[in-house]
Amino acid sequence: MVLLVPESTEAEHLVGLPEGVRLAYFPKEGPLPEEALEAEFAVAPYGGARARRFLDELPNLKRLKVVQTLTAGVDWILPRLPAGVVLCDAAGVHDAPVAEWIVGAILAAYKRFPEFRDAQREGRWAYRWVEDLEGATLLFLGYGSIARATEARLAPFGVSFLRVARTARDGVYTLDELPGLLPQADVVVNLLPLTPFTERLLGREHFARMKPGTLFVNAGRGKTVDQEALVEALRLGRVRFCSDVADPEPLPEGHPLWSLPGVFLTPHVAGSTPKLFERGFRLVREQVARYLRGEPLLNVVREGY
């Protein structure tokens, strides 16, 4: 079996592949090598121009059976996936770094670190009271592996949790119950994937139900939020906002989110850490072994996630 991996893949990440696997490399530029056209299993490049080029080349990979992404979200690839090709996402790979980003963003907002940093740069001793995270109620909008990892890290701070997802299960509410839960939350963390169902799901009526001053944290997808409603809520002072994602990305010059008070933005970096490829290719090796043994693959994408 031919496994197609990005040209930049380090050799150490490919150690331990099952016997019988031949490697082909997806080049940074230029034509695909002949062996790449034989690939049954492909690892999609992580972001940027190479990922876009991979999408363009997908129709040429006639023997392709499986695509494994190194991203948790797959909205960028689903519309271009050829019929009959199985798509697997990287659920679990980004749990630790994204959970760390969420915890860091919440603590920074509660302790007003961005404001104090601005004051420092201006040479101002800007004394003010800050907030306790202990005793806060956090609502997860989307309750998967990243939410569980975040919850484990926040529990020692004395935080309580409300969990909301599309599917009801023990301890998890449904989206239909969200309007009644929002007034109870001090922090709302959006981890929804982008699907036709979730696009612009969070809107004006949801922000209106939040407590004044609620911290809204978006580590899911920018397009799951009605941007006009978000900007309006920020201008009214109803919410504060920390986000690692935007709509569109990158956020254009002059966008209101650059300058509105109570906003802290990072450029979609939460999962971009040195251990990404170590964790990602651990999953790849497991998936390739399962594929060769004829066993069910992990993280198969169904209904958009």
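Throughout what follows, the structure given in this document is the object of discussion. The structure presented is a predicted model; accordingly, all values stated were derived computationally and were not measured.

## Details of the pattern of salt bridges
So, point 1. Evaluated as defined, the whole model comprises 16 salt bridges.
So, point 2. Among the salt bridges present, the one from R112 reaches E115, with a minimum N-O distance of 3.0 Å.
So, point 3. Residue R112 is classed as buried on the basis of its relative accessible area of 14%.
So, point 4. Where D186 meets K211, a salt bridge forms, and the shortest distance between an N and an O atom there is 2.9 Å. In this pair, D186 is assigned in the loop between α5 (178-181) and β9 (187-190) and K211 in the loop between α6 (204-209) and β10 (214-218), connecting sequence segments 25 residues apart.

## What about the pairing of β9?
So, point 1. Here β9 shows no split at all, with V187 and V189 on one side and V188 and N190 on the other all buried.
So, point 2. Across 4 bridges, the pairing between strand β6 (residues 137-141) and β9 is parallel. Bridging across to β9, F140 finds its partner in V189.
So, point 3. Pairing between β9 and β10: 4 bridges, direction parallel. By the bridge assignment, V187 is partnered in β10 with L215.
So, point 4. Between the parallel elements β9 and β10, the chain passes through α6 in a crossover that is right-handed.

## Thoughts on the sheet that holds strand β2 (residues 22-26)
So, point 1. With parallel pairing, 5 strands are arranged side by side in an open sheet as β2-β1-β3-β4-β5. In this open sheet, the two edge strands, each paired with only one partner strand, are β2 and β5 (86-88). Across the sheet, the mean angle from the axis of one strand to that of its neighbour is 20°, orientation sign disregarded.
So, point 2. Relative to β5, strand β4 (residues 66-68) is paired through 3 bridges, and the arrangement is parallel. Residue pairing for β5: V66 is matched across the bridge by V86.
So, point 3. Of the strands in this sheet, β1 (2-6), β2, β3 (41-43) and β4 touch helix α1 (residues 48-57), which is tilted by about 110° from β2.
So, point 4. Sheet strands in contact with helix α8 (residues 276-293) are β1, β3, β4 and β5, and its direction is about 175° off that of β3.

## Details of the side chain of Q227
So, point 1. Assignment of secondary structure puts Q227 in helix α7 (residues 227-235).
So, point 2. Classification of Q227 by relative accessible area gives buried; the value is 12%.
So, point 3. The contact partners of Q227, leaving out residues within four places of it in the chain, are G222, D247 and L257.

## Here we look at the packing of aromatic side chains
So, point 1. Counted according to the given criterion, the structure contains 7 aromatic pairs.
So, point 2. Seen in terms of ring centroids, F216 and F241 are 5.5 Å apart; in terms of plane orientation they differ by 15°. Their pairing is stacked. Taken together, the positions of F216 in strand β10 and F241 in strand β11 (residues 239-243) put the pair 25 residues apart, joining distant regions of the chain.
So, point 3. Judged by its relative accessible area of 0%, F216 falls in the buried class.
So, point 4. A relative accessible area of 3% means that F241 is categorised as buried.
So, point 5. Positioned above the aromatic ring of F197, the side-chain terminus of R166 is 4.3 Å from the ring centre.
So, point 6. A cation sits over an aromatic face here: R240 above Y110, 5.6 Å from the ring centre.

Criteria and cut-off values
Residues numbered from 1 in each chain as written. Predicted model: local features only at pLDDT ≥ 70, side-chain atom pairs only at ≥ 80, totals over all residues. Heavy atoms only, no water. Salt bridge = Lys/Arg side-chain N within 4 Å of Asp/Glu carboxyl O. Buried < 20%, exposed > 50% of the residue type's maximum accessible area, 1.4 Å probe, protein only. Helix = DSSP H or I, 4+ residues; strand = E, 2+ residues; numbered from the N terminus. Pairing = 2+ DSSP bridges. Right-handed = clockwise from strand over helix to strand, strands pointing away. Axes fitted to C-alpha atoms, helices over the stretch in contact; angles between N-to-C directions. Contact = heavy atoms within 4.5 Å. Phe/Tyr/Trp six-rings, centres within 6.5 Å; stacked < 30°, edge-to-face > 60°. Lys NZ or Arg CZ within 6 Å of the ring centre and 35° of its normal.

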